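Residue-level listing of the chains:
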Amino acid sequence: MNIAIDGPGGSGKSVLAKNIARKLGLIYVDTGALYRTVGLNACRREIAMEDKAGIVASLEGITVELRYENGEQHVYLCGEDVSGFIRTPEISMYASAVSSVPEVRAFLDSTQRSLVRRGGVVMDGRDIGTVIMPDADVKIFLFASPEHRAERRTEELLARGEKVTYEEVLSDINKRDRADRERETAPAVPADDAVMLDNSGFMPEDTFAAAIHIINEKTGSDYDDVL
Ligand code: DC
């Protein structure tokens, strides 16, 4: 079984996807980490976010790989584990910028598709249900109001020691949503056959329960025992 979870930043995709993976015995693939790693590479090389040709040139000779260590996904840039460097607000903006470049999407395509071919994945991103896994057994588009998402993201970033304010995070979320939705290649829009799940005001366990109901319905299974 393959499950696609798409939706905007801060909607809780990764928490949901991790919970589903753990409880249903699937492999969790966080595709945003791939774009963040290409963004980190561009940032380290001091390429401006608007410099599309520079971003394309920055792909030359680099490798981006996902590896699984003790059940956790790690992302490697040219052999270096950069998982600890890709979650800052600056890299979030870089990730969004590089993800609008078609060459970057093409560059990351084969890594994602080879994981899909192995099967048994729950993948989260923006174009999983539309481009990467159009045949997924279950597609969920998870969203929440920008204010709810900004609240969660602010808490997450503060807990990690980043110095941010709610207003800054909300403004970044709105900017990133617009850019991700309006880009020409693989815009972050729901697949026609995705189930829309609004989790504004939900706790993670509420989102998980709602997702299990969707999975049961779509696949004719009965996973209620994992709730
Ligand atoms: O899910 P995230 O916040 O880690 O994603 C970071 C950026 O990468 C986001 O702004 C959009 C982009 N992205 C994408 O375009 N396609 C994906 N499948 C995953 C992420």
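Going by the structure above, here's the rest.
Description of the structure in this document. Note that this is a predicted model, so its numbers are computed, not measured. (Residues numbered from 1 in each chain as written. Predicted model: local features only at pLDDT ≥ 70, side-chain atom pairs only at ≥ 80, totals over all residues. Heavy atoms only, no water.)

## Notes on the overall build of the protein chain
Along the protein chain, the regular secondary structure elements total nine helices and eight strands. Counting only C-alpha atoms, the protein chain reaches 50 × 40 × 35 Å along its principal axes. For the protein chain, buried positions account for 51% of its 227 residues. Of the roughly 10,800 Å² of accessible surface on the protein chain, 50% is carried by carbon and sulfur atoms. Side chains of the protein chain give 27 positive and 39 negative charges; the mean places of these two sets differ by 2 Å. (Helix = DSSP H or I, 4+ residues; strand = E, 2+ residues; numbered from the N terminus. Buried < 20%, exposed > 50% of the residue type's maximum accessible area, 1.4 Å probe, protein only. Areas by Shrake-Rupley, 256 points an atom, 1.4 Å probe, with all protein chains shown as cover. Lys, Arg positive; Asp, Glu negative; His and termini not counted. Charge placed at Lys NZ, Arg CZ, Asp CG, Glu CD.)

## What about the packing of aromatic side chains?
Counted by the stated rule, this structure contains zero aromatic pairs. Over the ring of Y76 we find R67, and its NZ or CZ is 3.7 Å from the ring centre. (Phe/Tyr/Trp six-rings, centres within 6.5 Å; stacked < 30°, edge-to-face > 60°. Lys NZ or Arg CZ within 6 Å of the ring centre and 35° of its normal.)

## Details of the environment of D180
When you line up the elements, D180 lands in helix 8 (residues 166-182). What makes D180 buried here is its relative accessible area of 6%. Taking the C-alpha atoms as reference points, D180 and V15, separated by 165 residues in sequence, lie 21 Å from one another. Side chain to side chain, D180 and S96 meet in a polar contact 2.8 Å long. (Polar contact = N/O pair within 3.5 Å; in protein donor to acceptor, adjacent residues only side chain to side chain.)

## Let's talk about the sheet that holds strand 1 (residues 3-6)
Within the open sheet, the five strands sit side by side as 2-6-1-7-8. Their pairing is parallel. For this open sheet the edge positions go to strand 2 (27-30) and strand 8 (195-198), each flanked by a neighbour on one side alone. Each strand of the sheet is rotated relative to its neighbour by a mean of 20°, with strand direction disregarded. Bridging between strand 1 and strand 6 (residues 121-125) involves four bridges; their strand directions are parallel. Within strand 6, the position partnered with I3 by the bridge is V122. On the sheet, helix 5 (residues 102-118) packs against strand 2 and strand 6 and is oriented at approximately 150° with respect to strand 6. (Pairing = 2+ DSSP bridges. Axes fitted to C-alpha atoms, helices over the stretch in contact; angles between N-to-C directions. Contact = heavy atoms within 4.5 Å.)

## Section: the site of the ligand
The immediate surroundings of the ligand are formed by 16 residues, with R36, R105, R126, R176 and R183 found nearest. The side chain of D180 places a nitrogen or oxygen atom 3.0 Å from an oxygen atom of the ligand. For the ligand, whose unbound accessible area comes to 450 Å², protein coverage reaches 97%. Put simply, the parts of the chain that give the shell around the ligand at least two residues each are helix 2 (32-44), helix 4 (89-99) and helix 8. Residue composition of the shell around the ligand, grouped by class: three nonpolar, five polar and eight charged. (Near = heavy atom within 4 Å. Nonpolar A, V, L, I, M, F, W, Y, C, P; charged D, E, K, R; others polar.)

## What to know about the sheet that holds strand 3 (residues 64-69)
Taken together, three strands build an open sheet; the order of strands is 3-4-5 and the sheet is antiparallel. Of all strands in the sheet, those with a lone pairing partner are strand 3 and strand 5 (80-81), marking the two edges. Helix 2 contacts strand 3, strand 4 (72-77) and strand 5 of the sheet and is inclined by roughly 30° relative to strand 4.

## Description of the pattern of salt bridges
Under the counting rule described, the total for this entry stands at eleven salt bridges. For D193, the salt bridge goes to K139, with nearest N and O atoms at 3.0 Å. Linking D193 in the loop between helix 8 and strand 8 with K139 in strand 7 (residues 138-143), this pair joins segments that are 54 residues apart in sequence. Residue D193 is classed as partly exposed on the basis of its relative accessible area, which comes to 42%. A relative accessible area of 6% places K139 in the buried class. The partner of E156 in a salt bridge is R153, and the shortest N-O contact between them spans 3.3 Å. A residue pair is termed a helical-turn pair when its members lie 3 or 4 positions apart in one helix, as E156 and R153 do in helix 7 (residues 146-159) at three residues. Linked through salt bridges whose partners overlap, the residues forming this network are R126, D180 and R183. (Salt bridge = Lys/Arg side-chain N within 4 Å of Asp/Glu carboxyl O.)

Remember, this is a structural readout, not a statement about activity or role.
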